[in-house]
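# Per-entry structural report
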Amino acid sequence: MISIRNLSFGYRKTQLYKDFSLELSEPGVYGLFGRNGSGKSTLLMLLAGLLFPRGGKIALQGHSPAQRHPDFLASVYIVPEEFHLPDLKPARLAETQSEFYPNFSRAAFDEYLRIFEVPAEQGFGEMSLGQKKKAAMAFALATFTPVLLLDEPTNGLDIIGRDQFKAIMAREEQRRRIVLISTHQAHDLERIMSHILFIDGASLALSAPMTELARHLRMGVARDVQELAAVEGLIHSEAVGEQIAYVAVNRSGQPGAVHLELLYRALSLAKSDVIAALDARRQEAAHV
């Protein structure tokens, strides 16, 4: 559904991507992580056909995004982190825009608005920023495009709004498409993500299903330095108050919890150690 081959892109003298490649063929919720300036938002814009690569090829549903073919435009929807909506009511938005998306469901849109507690007959000009974002996301989710791109979707939402978003994303109908979410709010979304992508140094440093991360890595908290010293296969550790959080090799054979904020920091500070440990466990698993 998404194929990127040897992508090159940058802004003036800043090279964001060089020989970047990525293949996503299975439906699911993909988390796109990376440090500030790593090009996460840019990648979503390239996939949506709003920016154009300097080199390499991008294909989405068999189309080149840069050509903006009508069939391509009907198969992808993007919600950027910052956006502007005309002063319409959500119901009117659905009436005027839904025809561009053949899979759009008005019933789902109305249901998502109810879950988000957004009035269908209230104009955007009368809404708070959080309400506008929830209305825009309700529409995006109801398009049921094969590919949905979300840039920091929980920014601007309160705790209840974030829970509402996670409840919708956990539904079966949303897991039949590729949803690519760029976010720094790892803890907010770790329970709904099926696959993790980590961008670093203009390349894809990590691509792994959450189930694989749970099998191959162990994440926990040690009470003190002595307890930490007993952790086998330690990869990364950091102080959390008076305790110490850690990432280690999982040799128990039992999948554990994946804490994405801890993994994000481990990848940012000890990327080569995390990748080496994962590669070693993958090779071990392949020979079992």
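Computed from a prediction, not measured in an experiment: that's the story for all the values here. (Residues numbered from 1 in each chain as written. Predicted model: local features only at pLDDT ≥ 70, side-chain atom pairs only at ≥ 80, totals over all residues. Heavy atoms only, no water.)

### Considerations on the sheet that holds strand β4 (residues 55-60)
- In space, the 3 strands of this open sheet follow the order β2-β1-β4, with antiparallel pairing throughout. Lying at the two open borders of the sheet, with one neighbouring strand each, are β2 (14-24) and β4. For this sheet, the mean angle separating the axes of adjacent strands, direction not counted, is 25 degrees.
- Across 5 bridges, strand β1 (residues 2-11) lies against β4 in antiparallel orientation. (Pairing = 2+ DSSP bridges. Helix = DSSP H or I, 4+ residues; strand = E, 2+ residues; numbered from the N terminus. Axes fitted to C-alpha atoms, helices over the stretch in contact; angles between N-to-C directions.)

### Regarding the nonpolar core
- Among the nonpolar cores identified, the biggest contains 61 residues, and Phe165, Met193, Leu213, Leu217 and Leu260 are the most heavily contacted of them.
- With 10 residues, the single largest contributor to this core is helix α10 (residues 260-286).
- Ranked by size, the runner-up nonpolar core spans 27 residues in total, among them Ile4, Ile58, Val76 and Val147. (Core = buried A, V, L, I, M, F, W, Y, C linked by side-chain atoms within 4.5 Å. Buried < 20%, exposed > 50% of the residue type's maximum accessible area, 1.4 Å probe, protein only.)

### So, the pattern of salt bridges
- If you walk through the whole model with that rule in mind, you get 15 salt bridges.
- Across the pair Lys271 and Asp200 runs a salt bridge, and its minimum N-O distance is 2.7 Å. In this pair, Lys271 sits in helix α10 while Asp200 sits in strand β8 (residues 195-200), placing the two residues 71 residues apart along the sequence.
- The shortest N-O distance in the salt bridge between Glu238 and Arg265 comes to 2.5 Å. On the criterion of sequence distance, the pair formed by Glu238 in strand β11 (residues 234-240) and Arg265 in helix α10 is long-range, its members being 27 residues apart.
- Taken together, the shared-partner salt bridges in this structure form one network comprising Glu232, Arg251, Arg281 and Glu284. (Salt bridge = Lys/Arg side-chain N within 4 Å of Asp/Glu carboxyl O.)

### Digging into empty space enclosed by the protein
- Considering all chains together, one arrives at 1 cavity of 30 Å³ or more under this definition.
- Taken together, Phe33, Ile196, Phe198, Leu260, Leu263, Tyr264 and Leu267 make up the lining of the largest cavity.
- Every element with two or more residues in the lining of the largest cavity is listed here: β8 and α10.
- Counting residues per element, the lining of the largest cavity draws most heavily on α10, at 4 residues.
- Its residues placed into classes, the lining of the largest cavity shows 7 nonpolar, no polar and no charged. (1 Å grid on protein atoms, 1.4 Å probe; cavity = no way out; pocket = protein on both sides within 12 Å on 5 of 7 lines; lining within 4 Å. Points joined across faces, edges and corners; volume = space filled by probe spheres on them. Nonpolar A, V, L, I, M, F, W, Y, C, P; charged D, E, K, R; others polar.)

### As for the packing of aromatic side chains
- Across all of its chains, the model carries 10 aromatic pairs by this definition.
- Taken together, a centroid distance of 6.0 Å and an interplanar angle of 85 degrees make the contact between Phe109 and Phe139 edge-to-face. A residue pair is termed long-range when its members are at least 10 positions apart, and Phe109 in helix α4 (residues 106-116) and Phe139 in helix α5 (residues 129-143) qualify at 30 residues. Each member of the pair Phe109 and Phe139 is classed as buried.
- Aromatic rings pair up to connect Tyr77, Tyr101, Phe104, Phe109 and Phe139 into one cluster. (Phe/Tyr/Trp six-rings, centres within 6.5 Å; stacked < 30°, edge-to-face > 60°.)

### A closer look at the packing of helix α3 (residues 90-97) against α4
- Packing of α3 against α4 leaves a shortest axis separation of 11 Å and a crossing angle of 155 degrees. One element, α3, and the other, α4, form an angle in the roughly antiparallel class. In this structure, the crossing between α3 and α4 has a hand that is right-handed. For the pair α3 and α4, the contacting residues are Pro90, Ala91, Ala94 and Glu95 in the first and Arg106, Phe109 and Leu113 in the second. (Parallel < 35°, antiparallel > 145°, perpendicular 65-115°, else oblique. Left-handed = near helix turned anticlockwise from the far one by under 90°. Contact = heavy atoms within 4.5 Å.)

### Focus: unusual backbone geometry
- Despite not being glycine, Asn6 has its phi angle at roughly 55 degrees, a positive value.
- Relative to the helices and strands, Asn6 resides in strand β1.
- Note on Asn6: relative accessible area 43%, which makes it partly exposed.
- Positive phi outside glycine occurs at Glu117, with the angle close to 60 degrees.
- By the secondary structure assignment, Glu117 is in the loop between α4 and α5.

Note that every value here comes from positions in space, so none of it alone points to a role or purpose.
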